[in-house]
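One-letter residues, chain by chain:
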Amino acid sequence: MTDELTAVAANRSFGGWHKRFRHRSTVLGCDMVFAAYLPPQAEAGPVPALYWLSGLTCTDENFMQKAGAQKLAAELGIAIIAPDTSPRGPDVPGDPDGAWDFGHGAGFYVNATQEPWAKHYRMHDYVVRELPGLVERTLPVTDRRSVAGHSMGGHGALVCALRNPGRYRAVSAFAPIVNPSQVPWGEKALGRYLGPDRAAWAKWDACALIGDATERLPLLVDQGDGDSFLDTQLRPDALRRAAEAAGHPLILRMQPGYDHSYYFIASFIDDHLRHHAAALKC
C-alpha cells in the first residue's frame, strides 16, 4: 500500500478544509478518489473521524456538497471521510448492460468472490482497512472511528460495524438497505458479486448478522415514510424485528413525509453527527 496522496481540490469551509485526494488502491487494483473534511481543530492535532458511505450512483461529492454537515462537524471537532462507492477506471468492469444499480457506483461494500468482479470489487476491505489506514497515516486523523451511510451506504455502514466489533465507536444510517438478500437491489448485487449461494449472502446482510453480533453498538436509523423505495427495497421493519429478536439496541425513527433524497439527510444530519461525536469523544 502506498501512502502517496495526490491533492485534487481544497476548499476552506467553516474554519476547516474540505479536501479531495486521489491514491492508488492495492485492494481494489485501481486509482480511487476520496474526500476529507478536516475541522479547524485538526490544525492543532489529530481528530476523530466519521466515515460516510454513500448510496447507489454516488461518489464522494454527493454527501460533501449536499448534506450540510461541515458546520456542525467543525463545531464538534470531528473529521468526515467520504470514499467513493465503487472501484472505477477503464480496467474495472461495470454492469454489462449499463444499468445504474450494479458495477460502477454500486460496489455494495462487499468483497466479491465471483469473476470478473473479484479482482476489483473489494469495497469492504477498502473502507474498513485500507482507506482508514491510509488516512490515519497521512492526515491529522486518529484511529477513533465511526461509520454512517445512506441507502446502499447505510447497508454498508451497518455491515461494517456488525462484522468488525471494536473497529468503530458508533454507527448510524439513513434509509439503509437492511435486508439485501431479500430485496431486488441486493439480490442482483449479491448474486453477481458472491454467486448463487444465499448462505454466502447472509454474511453481508445486517438482518442476518445482528443475531450473532458480539458487540452491541446502538444502531441509529432514520427512515422517511414518504420514501418511494420503502416497501420494495428498504423494509426497515425487518431490521426492527431482527434487533428485537437479538436484543440489539436500535433507534429506528420513521420521519413523516420525508423521501430518499439529500433533503432528508440534510434535515437530520445534525442528530447523527452528535450521536457520533458523543461516542468518538468518550
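The notes below deal with the structure included here. Everything quoted here is computed from the prediction, not taken from an experiment.

Some points on the state of the cysteines
Part 1: One pass over the full model with this rule turns up zero disulfides.
Part 2: C58 carries a free sulfur, and the closest cysteine sulfur to it, the one in C160, is 16 Å from it.

Some words on the side chain of N111
Part 1: Inspection of the secondary structure assignment puts N111 in the loop between β5 (79-83) and α3 (123-138).
Part 2: Here D125 takes part through its side chain, which lies 3.0 Å from a polar atom of the side chain of N111.
Part 3: Discounting residues that sit within four places of it in the chain, N111 has contacts with Y121, R122, M123, H124, D125, L194 and W204.

Overview of unusual backbone geometry
Part 1: The omega angle of the peptide bond from E115 to P116 is 5 degrees, so this bond is cis rather than trans.
Part 2: Tracing the chain through its elements places P116 in the loop between β5 and α3.
Part 3: Positive phi is not limited to glycine here, since F108 has a value of about 60 degrees.
Part 4: Judged by its relative accessible area of 0%, F108 falls in the buried class.

What to know about the sheet that holds strand β7 (residues 171-174)
Part 1: Strand order in this open sheet of nine strands is β1-β2-β3-β5-β4-β6-β7-β8-β9, and the pairing throughout is mixed. Of all strands in the sheet, those with a lone pairing partner are β1 (6-13) and β9 (250-255), marking the two edges. Direction aside, neighbouring strands of the sheet carry axes that sit 20 degrees apart on average.
Part 2: Pairing geometry for β1 and strand β2 (residues 16-25), over seven bridges, is antiparallel. Bridging from a neighbouring strand, N11 pairs with H18 of β2.
Part 3: On top of the sheet, helix α9 (residues 236-246) reaches β8 (219-224) and β9; it is set at about 155 degrees to β9, its chief contact.
Part 4: In this fold helix α10 (residues 262-280) packs onto β4 (47-53), β5, β6 (141-150), β7, β8 and β9, with an angle of close to 175 degrees to the strand it touches most, β7.

Calculation rules
- What you see as residue numbers is a count from 1 along each chain, following the sequence as written.
- Local features in this predicted model are restricted to residues of pLDDT 70 or higher, and side-chain atom pairs are both shown and tallied only at a pLDDT of 80 or more, whereas totals for entire chains, interfaces and linings draw on every residue.
- Neither water nor hydrogens contribute to the side-chain values; these are computed over all heavy atoms in the structure.
- Cysteine sulfur atoms are paired as a disulfide whenever they come within 2.5 Å of each other.
- By the criteria applied, helices consist of DSSP H or I runs no shorter than four residues and strands consist of E runs no shorter than two, each listed in order from the N terminus.
- Polar contacts, as counted here, are pairs of nitrogen or oxygen atoms within 3.5 Å of one another; within protein the pair requires one atom able to donate a hydrogen and one able to accept it, and residues that are adjacent in sequence qualify only if both atoms are side-chain atoms.
- Two residues qualify as a contact provided that any one of their heavy atoms is within 4.5 Å of a heavy atom in the partner residue.
- Three exposure classes are used, based on accessible area relative to the maximum for each residue type with a 1.4 Å probe and protein chains only: buried under 20%, partly exposed in between, and exposed over 50%.
- Strand pairing is assigned whenever DSSP identifies at least 2 bridges connecting the two strands.
- An axis is simply a line fitted to the C-alpha atoms; with a helix, the fit covers only the stretch in contact. Between two such axes, the angle follows the N-to-C directions and lies from 0 to 180 degrees.

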